[in-house]
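# Architecture and fold: a report
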Amino acid sequence: MMRAAFLMKTREVAFKEIPIPEPEDDEALVKIQSVGICGSDIHYYMHGRIGSFVIEKPLILGHESAGEVVHVGKKVRNVRVGDRVAMEPGIPCRRCFYCRTGNYNLCKDVVFFATPPVNGTFCEYVTHPTDYLFPLPENMSYDEGAMIEPLSVGLYACKLANLRPGDSVTVLGAGPIGLVTLQAAKAMGASRIIVSDIYPKRLDFAMKLGAHHALNAKEVEVVQAVLDLTGGFGTDVVFEAAGSEQTTRASVKIVRNGGSIVWTGMAAKGDFVIPVSEAIAKEVRISGQFRYANTYPMAIQLVSQGRIDVKSMITKIFSFDEIAQALENWARGNLDHIKAIVRM
Ligand SMILES: [Zn+2]
Ligand SMILES: [Zn+2]
């Protein structure tokens, strides 16, 4: 038997003893070691739903995970018992149009950790198909392994933007996703990076991670400030990682003519009023973003080589026993830390 932390209903977590699962032939049993707490976990914790995904029975949260392979099915060749692995949380159907054309993040039948009714990884053991397990080099910790998930979002945003070396970049929102996007852009050769947020602490952090300008949206008008910084030109690429109407509208106004925008931030209600004629006249390319595909090997390499620093983003560690406190802490709006990790 093993311990698992279930979200019973909004704002109520309970530990239960459940059987340790058995891996199928193509799966491994992973002993979970580190799990990052994500905004989506908090959303389920507080509201019991994200859009059309509604929690109808107790659910195990957690999807940013790394652990140790302790048992493998008989057809498994790519990982071995004892391997330390990062776990890609979404298993697609592998058969549909999107899966066959490399955009498996858009697969309609994806099974994704901690998305009702699929359980996540705030438990001791999880079985997982081994082609979605990625061994960690010796110089990477389990905590860094868990951070490969959010980092993947940043790397995929750069891919969707078609970011090229030398590009100037604005990142709207300096939460964990904004900060990994900033770092991914830097690693891919962005020349000048402007970041905006409303929390000074996050902006200081963005500067430490390599931003060139930090704009506090409570103090300055961000659109005007970016235009001032770029001589009225705007930036080549704009990443929207805040999920607000104001920042989504701003993305169109901040990007240069012919530039690229990626909308990553997801709002509870997203029917925004967008300056469409301006987007047309500027010939901007706008891409939505939903998760990521084929990013794990690249993300692990970039962290292992020291070209992206996810370690310093981890500013709070909780034990498995403290998980209720960790979720409640964040739900109460305690944004003192950048990223919290639960060590299982
Ligand atoms: Zn996440
Ligand atoms: Zn599919």
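None of the values given here were measured: they were computed from a predicted structure.

Right, let's talk about the pairing of strand β1 (residues 2-9) for a bit. Residues in a regular strand point their side chains to alternate faces of the sheet. Inspection of the sheet shows β1 paired to strand β2 (residues 12-18) by 7 bridges, in the antiparallel sense. Looking at β2, one finds that methionine 2 is bridged to isoleucine 18. Following β1, the chain reverses through 2 residues before pairing antiparallel with β2; arginine 11 in that reversal takes a positive phi of roughly 60°.

Moving on: a nonpolar patch on the surface. Taken together, Leu106, Met266 and Phe290 make up a surface patch of nonpolar side chains, about 310 Å² in accessible area. Positionally, phenylalanine 290 belongs in the loop between β18 (285-288) and α10 (296-304).

The next thing to look at is the packing of helix α4 (residues 148-161) against helix α5 (residues 176-187). At a closest axis distance of 8 Å, the pairing of α4 and α5 adopts a crossing angle of 55°. In terms of their interaxial angle, α4 and α5 are classed as oblique. Handedness of the α4/α5 crossing: right-handed. Residues Pro150, Leu151, Val153, Gly154, Leu155, Ala157 and Cys158 of α4 pack against Ile177, Val180, Thr181, Ala184 and Ala185 of α5. Classifying every residue of the contact of α4 with α5 by side-chain character gives 10 nonpolar, 2 polar and no charged.

This next bit is on the sheet that holds β2. With respect to topology, 3 strands assemble into an open sheet ordered β2-β1-β6, the strand pairing being antiparallel. Each edge of the open sheet carries a strand with a single partner, namely β2 and β6 (59-60). Two elements, β1 and β6, share 2 bridges in a ladder whose sense is antiparallel. Each bridged residue has a counterpart across the sheet, and for phenylalanine 6 the counterpart in β6 is isoleucine 60.

On to the coordination of the zinc ion (ligand 1). The zinc ion (ligand 1) binds to the protein through Cys38 (SG), His63 (NE2) and Glu64 (OE), with metal-donor distances spanning 2.2 to 2.4 Å. Written as a sequence motif, the donor arrangement for the zinc ion (ligand 1) is C-x24-H-E. In this pair, cysteine 38 is assigned in the loop between β3 (27-36) and α1 (39-47) and histidine 63 in the loop between β6 and β7 (64-72), connecting sequence segments 25 residues apart.

A separate point is helix α6 (residues 200-208). When α6 is considered as a whole, its buried residues turn out to be Arg202, Leu203, Phe205 and Ala206. Along the axis of α6, the buried positions cluster into a sector of 160°, meaning they face one direction only. Those residues of α6 that are buried are in contact with α5, β14 (192-197), β15 (213-216) and β19 (314-319). Glycine 210, located one to two residues past α6, shows a positive phi value of around 115°.

Scoring rules and cut-offs
Residues numbered from 1 in each chain as written. Chains lettered and ligands numbered in written order. Predicted model: local features only at pLDDT ≥ 70, side-chain atom pairs only at ≥ 80, totals over all residues. Heavy atoms only, no water. Pairing = 2+ DSSP bridges. Helix = DSSP H or I, 4+ residues; strand = E, 2+ residues; numbered from the N terminus. Patch = residues over 30% accessible without salt bridge, like charges linked within 9 Å, V, L, I, M, F, W, Y side chains within 5 Å. Areas by Shrake-Rupley, 256 points an atom, 1.4 Å probe, with all protein chains shown as cover. Salt bridge = Lys/Arg side-chain N within 4 Å of Asp/Glu carboxyl O. Axes fitted to C-alpha atoms, helices over the stretch in contact; angles between N-to-C directions. Parallel < 35°, antiparallel > 145°, perpendicular 65-115°, else oblique. Left-handed = near helix turned anticlockwise from the far one by under 90°. Contact = heavy atoms within 4.5 Å. Nonpolar A, V, L, I, M, F, W, Y, C, P; charged D, E, K, R; others polar. Donors = N, O, S within 2.8 Å, 3.2 Å for Na, K, Ca; no water. Buried < 20%, exposed > 50% of the residue type's maximum accessible area, 1.4 Å probe, protein only. Arc of directions from axis to C-beta.

Don't take any of this as a statement about function, it's just geometry.
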